[in-house]
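# Summary of the model geometry
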Amino acid sequence: MYKTLLLSIDSSPSAKKVLQTALDMAQLCGSKVVVLSVVETQEQSDPAHPEQTSTEAVAALLSKSKTVFEQRGFAAETIEREGNPAFIICDVADDVSADLIVMGCRGTGLIEDGCEESVSNRVINLAPCPVLVVP
């Protein structure tokens, strides 16, 4: 079904829920897991989550995520990239031949006013595979 899952994770409050959903999907499907986090530029970052602009914070987030997967018996590959999150997520999904992207939604972009600027909305429209958005 979903042989390769790409988990796009950030430091938002919903990250634990997104991680748990990806774990459940990986367990259900016996999937290979790739965990991605994007270091954002100051201009692209969410002021509520400035830690996404720190390479050290992103590296720590990836390390913690990898440990969680390993504790549940999954080998997880981690990837850290810098740039525009939506484009990076889609490029990595293509590079790793992802069958499903699992990502969160900060809750601001799926309403009409913020839809065009939403990372999750952009990924939904540009992704080379299905996208599971965890609210």
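Everything below is about the structure printed above this text.
What this report covers is the structure whose coordinates are included nearby.

### Things to note about the overall build of the protein chain
The secondary structure content of the protein chain amounts to four helices and five strands. Seen in sequence order, the protein chain has helices and strands lined up from the N terminus as β-α-β-α-β-α-β-α-β. The burial tally for the protein chain puts 44% of its 135 residues in the buried class.

### Thoughts on the sheet that holds strand β2 (residues 32–39)
Overall, parallel pairing links the five strands, which are arranged β3-β2-β1-β4-β5 in an open sheet. Pairing within the sheet leaves two strands with one partner each, and these edge strands are β3 (76–82) and β5 (131–134). Averaged over all adjacent pairs, the angle separating strand axes in this sheet is 20°, with direction ignored. Here strand β1 (residues 4–8) runs beside strand β4 (residues 100–104); their pairing, made up of four bridges, is parallel. Looking at the pairing, L7 lines up with V102 of β4. Helix α4 (residues 119–126) contacts β4 and β5 of the sheet and is inclined by roughly 170° relative to β4.

### Things to note about the layout of surface pockets
Of the volumes computed, that of the second largest pocket is approximately 190 Å³. As for the second largest pocket, its lining consists of I9, S12, P13, A15, K16, L19, L61, K64, S65 and V68. Of all the secondary structure elements, the ones that give two or more residues to the lining of the second largest pocket are α1 (15–29) and α2 (55–71). Counting residues per element, the lining of the second largest pocket draws most heavily on α2, at four residues. Of the residues contributing to the lining of the second largest pocket, the split by class is six nonpolar, two polar and two charged.

### Here's the deal with the nonpolar core
Among the nonpolar cores identified, the biggest contains 22 residues, and L7, I9, V33, V35, F69 and V102 are the most heavily contacted of them. Those elements giving two or more residues to this core turn out to be β1, α1, β2, α2 and β4. At seven residues, α1 tops the list of elements feeding residues into this core.

### Topic: the pairing of β1
Within β1, five of the five residues are buried, which leaves it mostly tucked inside the rest of the structure. Here β1 shows a buried face lined by T4, L6 and S8 and a second buried face lined by L5 and L7. In this sheet, β2 lies alongside β1 in parallel orientation, the contact comprising five bridges. Across the sheet, the residue bridging to L6 is V34, located in β2. Between the parallel elements β1 and β2, the chain passes through α1 in a crossover that is right-handed.

### Things to note about α2
Compared with the 24 Å implied by 1.5 Å per residue over 17 residues, the 24 Å span of α2 between its first and last C-alpha is a close match. Among all positions in α2, only V58, L61, L62, S65 and F69 are buried. For α2, the buried positions fall inside an angular range of 95° around the axis, keeping them on one side. Seen from the buried face of α2, the exposed residues on the opposite side, beyond 90 degrees, are E56, K64 and Q71. The inward-facing, buried residues of α2 contact β1, α1, β2 and β3.

Parameters at a glance
Residue positions are counted from 1 within each chain, in the order its sequence is given. In view of the model being predicted, local features appear only for residues whose pLDDT reaches at least 70, and side-chain atom pairs are presented and counted only at 80 or more, with totals across whole chains, interfaces and linings using the full set of residues. To obtain the side-chain values, all non-hydrogen atoms of the structure were used and water was disregarded. The helix and strand labels rest on DSSP assignments: H or I over at least four residues marks a helix, E over at least two residues marks a strand, and numbering proceeds from the N terminus. Each residue gets one of three labels from its accessible area relative to the maximum for its type: buried under 20%, exposed over 50%, partly exposed in between, using a 1.4 Å probe on protein chains only. Pairing between strands requires that DSSP locate at least two bridges from one strand to the other. Structural elements are reduced to axes, namely lines fitted to C-alpha atoms, with helices fitted over the stretch in contact, and the angle between N-to-C directions of any two is expressed from 0 to 180 degrees. In this analysis, two residues are considered to be in contact whenever any of their non-hydrogen atoms come within 4.5 Å of each other. A 1.4 Å probe that fits into a set of points on a 1 Å grid over the protein atoms alone but cannot get out defines a cavity; an open set with protein on both sides within 12 Å along at least five of seven lines defines a pocket, and lining residues are those with an atom within 4 Å of a point. Grid points are joined across faces, edges and corners, and a volume is the space filled by probe spheres set on the points. Under the convention adopted here, Pro, Cys and the residues Ala, Val, Leu, Ile, Met, Phe, Trp and Tyr are nonpolar, Asp, Glu, Lys and Arg are charged, and Gly plus all remaining residues are polar. Residues belong to a common nonpolar core when they are buried Ala, Val, Leu, Ile, Met, Phe, Trp, Tyr or Cys residues joined through side-chain atoms within 4.5 Å. Clockwise travel from the first strand over the helix to the second, with the strands pointing away from the viewer, marks a crossover as right-handed. In this scheme, a helix's expected span is set at 1.5 Å multiplied by one less than its residue total. Think of the arc as the fan of directions from the helix axis to the C-beta atoms.

Structural measurements only, silent on function.
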